[in-house]
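A look at the structure
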Amino acid sequence: MNRGRRNEILILVIVLMALFLVFSVSFRHGHHWGDDFSQYIVQARAVVDGSVQDTYEESKYRYDYSENKLIGPVLYPWGYPLLLSAVYALRGFDILAMKAFTSLFFLLSLAVVFFLFRGRITFTRNLLIVVLLGINPAFFEARDDVLSDFPFLFFSLLSLLLMQRTVVDRKTLAGPLGDSVLIGACMFLSFSTRMAGVVLLPTLLLVQLVESVRSYRLSRTLPFRFTAFLAPYAVFFVLASALEIWLPSSSSYADQLGDFGWGSVTRNLMLYAKLPVDFFTTSMGPWLTVAGKLLFLISIPALCLGAVRTAGGSCLFILFPALYMALLIAWPGVQGLRFMFPVMPFFLLFLFQGMDGAASRLSLMPGQRLGVLSPAAAYGAVALLIFGATSLGQAFRAVQHPGYVLDGPYTRDSASLFGFIAHNTRKDDVVIFSKPRAMWLFAGRRSVRLSRLEDIMVSEARFIACRRDDPVDKALHNKIWIAKKVYVNDSFSLYARMSARPEPMKTGSDPPVRKVSGTKGGQGAKKKGPGKRRTVTIEIRL
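Residues numbered from 1 in each chain as written. Predicted model: local features only at pLDDT ≥ 70, side-chain atom pairs only at ≥ 80, totals over all residues. Heavy atoms only, no water.

With respect to the helices and strands, the residue Thr-390 is situated in helix H18 (residues 375–400). The buried category is assigned to Thr-390, whose relative accessible area is 5%. A polar contact of 3.1 Å, which involves the side chain of Thr-390, links it to the backbone oxygen of Ile-386. Apart from residues lying up to four places away in sequence, Thr-390 is in contact with Pro-137, Thr-282, Ser-283, Met-284, Leu-288 and Arg-397. (Helix = DSSP H or I, 4+ residues; strand = E, 2+ residues; numbered from the N terminus. Buried < 20%, exposed > 50% of the residue type's maximum accessible area, 1.4 Å probe, protein only. Polar contact = N/O pair within 3.5 Å; in protein donor to acceptor, adjacent residues only side chain to side chain. Contact = heavy atoms within 4.5 Å.)

Positionally, Tyr-80 belongs in helix H4 (residues 79–91). On the basis of relative accessible area, Tyr-80 is assigned to the buried category, the value being 0%. In sequence terms Tyr-80 and Arg-194 are 114 residues apart; their C-alpha atoms lie 8.2 Å from each other. Look past the residues within four positions of Tyr-80 in its chain and what remains in contact with it is Tyr-40, Thr-102, Val-146, Leu-147, Ser-148, Pro-151, Ser-192 and Thr-193.

Looking now at the layout of surface pockets. By volume, the second largest pocket is sized at about 480 Å³. The wall of the second largest pocket is formed by 21 residues, among which Pro-276, Leu-303, Met-325, Met-340 and Phe-347 lie closest to the centre. Taken together, the residues of the lining of the second largest pocket sort by class into 20 nonpolar, 1 polar and no charged. (1 Å grid on protein atoms, 1.4 Å probe; cavity = no way out; pocket = protein on both sides within 12 Å on 5 of 7 lines; lining within 4 Å. Points joined across faces, edges and corners; volume = space filled by probe spheres on them. Nonpolar A, V, L, I, M, F, W, Y, C, P; charged D, E, K, R; others polar.)

Quick look at helix H19 (residues 412–424) now. The first and last C-alpha atoms of H19 sit 18 Å apart over 13 residues, in line with the 18 Å expected at 1.5 Å per residue. Where H19 is concerned, the buried positions are Asp-413, Ser-414, Ser-416, Leu-417, Phe-418, Phe-420, Ile-421 and Asn-424. Next to the buried residues of H19 lie strand S1 (430–432), helix H20 (436–443), strand S3 (463–467), strand S4 (483–488) and strand S5 (492–497). (Expected span 1.5 Å × (residues − 1).)

Geometric values such as these leave the question of function open.
What follows is the structure, encoded as structure tokens:
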């Protein structure tokens, strides 16, 4: 390795270390309300304590008895929970440690992006893409999420890097067969982290076919041996089958396809066409939002031109984003910009390639100055200022307010609700709640999501937890023949059903709700006597 390349890698390492430092000091306490993270942690805990089958049964109950299937699958793919189980085994339920661990995959993804684009664009452009991704507010905001986005991004990009090096560039890393095994293993890791990783299979196949045709036209020879050609797929399916045998899987993803139709495709097409705007505007103030939208509008023609230019150099950079976006558009459910994270590096690549191409067509070389900066450099400088002002501002506020807790299950009101339920209900009670996976993780109670009163009345749940003044709370208010309010704080209400479908309690069993004196957390409860049901007649306000 020559000195120039060593210096480039050194600069990359310095950038990644700086980003890691900013991430480390700016993690916020708690977690957002979206309860996908709860399922991942529950599955990781199940791996550590050996309760995989119990977790499957609890998750199956939540899935079967909730009002719709878009609540999430019975189980998520096991790749990320298996990774997370190492943190759980060492640190227990430490949400900050899980955030730090997950964010490491983002920093590794940035390194992979650098090597993936190396040699296709200049070092300055390449480093600019890495920095823009690293300080982009949408990616920066995701540092506080314990989700599979970053591990999936890493394994997907690593798979593409191996394809680029071994299939397109025809370099050998571990021998022809060894390279094929590596590609197959990385594709499996991506798929085991998120099922959308399945698009890597057709991506690899099409790249192999394109390179085979190109090689045959030039030299009348094929670039791959038959075994090396098929080995990645064999490794992928062997590993996927082994995981299927080892851990229970969920076929519930197929249930969501029942909502597939041209209406959902059209809706998703329009949605994903607009979502890149969020890449430029997430978490920004009014003026920066306007500037971000202008940046997006400017990027559209350059993006189209850059995609055409890139297609002539490497079909891989076109095939993967196209196939991945086709899958997202066809899938009925939507999850916002975070599902587009794997294509955003290519978005920036196309953008800068297009701007350099436009500069060339205007008789300006990409590196030639137009006034002070080239068009791509000027655009990148403005984007850096906007992204940096937003993300570093977030980091500064996090440092200035170390006690801030994200609105979610870790706030005082949420913790009080979960604590009351955990201490004042039976272990086999079912609680209706809008975030059933969080209820299972934090209170240890089965939970389902139901929002219509007619569904609530016929359910087996004995308790209904809801936000103060939300539709469920308003529907149950003063309807004491259906349910009576037994707990309330500034954010939540908890109702006990007056009648429910489960068998009545046996004499001597713990009551579903204690009558309490109104002290914090339900302390000071007094029992009327063994074997009698009690009617709660007061509210508790914290």
